[in-house]
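Observations on the three-dimensional arrangement
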Amino acid sequence: MKKISTKAASLPINQVLAGDSIEVMNSLPEASVDLIFADPPYNLQLKGDLHRPDNSKVDAVDDHWDQFASFRIYDDFTRAWLAAARRLLKPNGAIWVIGSYHNVFRMGAELQNQGYWILNDVVWRKSNPMPNFRGKRLTNAHETLIWASKSEESKYTFNYEALKALNEGVQMRSDWVLPICTGHERLKNENGDKAHPTQKPESLLHRVILGTTNPGDVVLDPFFGTGTTGAVAKMLGREYIGIEREEAYRAAAEKRLAKIRKFDKEALSVSSSKRAEPRVPFGQLVERGMLRPGEVLVSPRGHVAKVRADGTLISGEAKGSIHQVGAALEHAPSCNGWTYWHFRRDGKTVSIDVLRQQIRAETS
């Protein structure tokens, strides 16, 4: 644990900071964080103890940090911490907030009031929710996350292909079915009780951090609790900053984090989109002698074109890039020349994209 002053400070990465989240955030350097994951107090407004049908008491959230005297006070708190968070985000940074029906709508409105740009709301559907013991409402089986960039102009990180791969090749949806934190993952205190009443599962943070950050990015959690955000960030090769005012939670988080080891470099690499790969001009293939001026390329439909010394093609009246000539021959508005054109080697027809991937492999 480290206490820092409210004066400007260098970025204290991979530390759990003690103190009020708003004060500590305001003490950190402006525009220094890539992603914020915030699990603030929900203001559950519980009235009295909650009991199961056998009259045993439910271990619900009744801690002092979740109690606010009025909605106005809670809104003031929300306004202040979201403003402090936005100040910390880099221009292309983003934020995730999570809440229940008690507070998520109030947070959503304030995000928009402050200029954040909402990208998605995600429903975390709990595969093993706690029953509604009083039988007067529906079982509350989900929580809502809001993902927002710092502004409408932000070029935020979204690892689309990685999340698609995580979902067995199917585009990731905005409804996530994941279990709540139980069993071996649930941290316990010295009395055998829950170390934190609302500990989030690592699976939830894995999906958030894998999908919306890159290795080396700084992830800040202003309501750190027992450190799930930091634990997953550390495993995935990200830097973390945790802020937590409760000493018991800080102690549990630091003990947990000390046991975490980062995955190796190979394991941290994830699927990326074709657009994210380094650009290789077709002319490089000509410069490097992989294709020679005058060499003939062929298309699947039998069109032919000749390679020119400047990396353009000519086919009859059509002249230009590999894409332009392919589109002209097909009478199409566009054409991906890398997959359209092929060359011949040793009696075989080979896609020119093989040569592009060879160059990429050499420069990666």
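Residues numbered from 1 in each chain as written. Predicted model: local features only at pLDDT ≥ 70, side-chain atom pairs only at ≥ 80, totals over all residues. Heavy atoms only, no water.

**Some words on the confidence of the model for the protein**
On average, the protein scores 87 in pLDDT, and the residues at 70 or more come to 89%. Within the model, the stretch residues 3–8 combines pLDDT values under 50 with nine contacts to residues more than four positions away or in other chains. Below a pLDDT of 50 lies the segment residues 46–61, which in the model reaches 25 contacts outside its immediate sequence neighbourhood of four places, other chains included. (pLDDT = per-residue confidence, 0-100. Contact = heavy atoms within 4.5 Å.)

**Concerning unusual backbone geometry**
A positive phi angle, near 55 degrees, is found at Glu168, a position not held by glycine. The topology assignment puts Glu168 in the loop between α4 (160–166) and β6 (175–178). For Asp346, which is not glycine, the phi dihedral falls at a positive 50 degrees. Within the secondary structure layout, Asp346 lies in the loop between β13 (342–345) and β14 (348–351). Exposure remark for Asp346: the relative accessible area of 80% places this residue in the exposed category. (Helix = DSSP H or I, 4+ residues; strand = E, 2+ residues; numbered from the N terminus. Buried < 20%, exposed > 50% of the residue type's maximum accessible area, 1.4 Å probe, protein only.)

**A word on the pairing of strand β4 (residues 117–126)**
Sheet topology note: the β4/strand β5 (residues 142–149) ladder contains eight bridges and is antiparallel. Across the sheet, the residue bridging to Arg125 is His142, located in β5. When β4 meets β6, the two strands line up parallel, connected through four bridges. Across the sheet, Lys126 pairs through a bridge with Leu178, a residue of β6. (Pairing = 2+ DSSP bridges.)

**Quick look at the packing of helix α2 (residues 71–88) against helix α3 (residues 104–113)**
Where α2 meets α3, the axes come as close as 10 Å, and the angle between the chain directions of the two elements is 45 degrees. In this view, α2 runs oblique relative to α3, as classed from their interaxial angle. The two elements α2 and α3 meet at a crossing, and its hand is right-handed. Here Phe71, Tyr74, Asp75, Thr78, Arg79, Trp81 and Leu82 of α2 come into contact with α3, specifically with Arg106, Met107, Glu110 and Leu111. (Axes fitted to C-alpha atoms, helices over the stretch in contact; angles between N-to-C directions. Parallel < 35°, antiparallel > 145°, perpendicular 65-115°, else oblique. Left-handed = near helix turned anticlockwise from the far one by under 90°.)

**Some details on the packing of aromatic side chains**
To describe a pair of aromatic rings, you give the distance between the ring centres and the angle between the ring planes. Scanning the entire structure with this criterion turns up eleven aromatic pairs. Geometrically, the ring pair formed by Trp147 and Tyr156 is edge-to-face, given 5.4 Å between the ring centres and 85 degrees between the ring planes. An aromatic cluster is built from Trp96, Trp147, Tyr156, Phe158, Tyr160 and Trp176, whose rings are joined through pairwise contacts. Between Arg86 and the ring centre of Tyr116, over which it is positioned, the NZ or CZ distance is 5.7 Å. (Phe/Tyr/Trp six-rings, centres within 6.5 Å; stacked < 30°, edge-to-face > 60°. Lys NZ or Arg CZ within 6 Å of the ring centre and 35° of its normal.)

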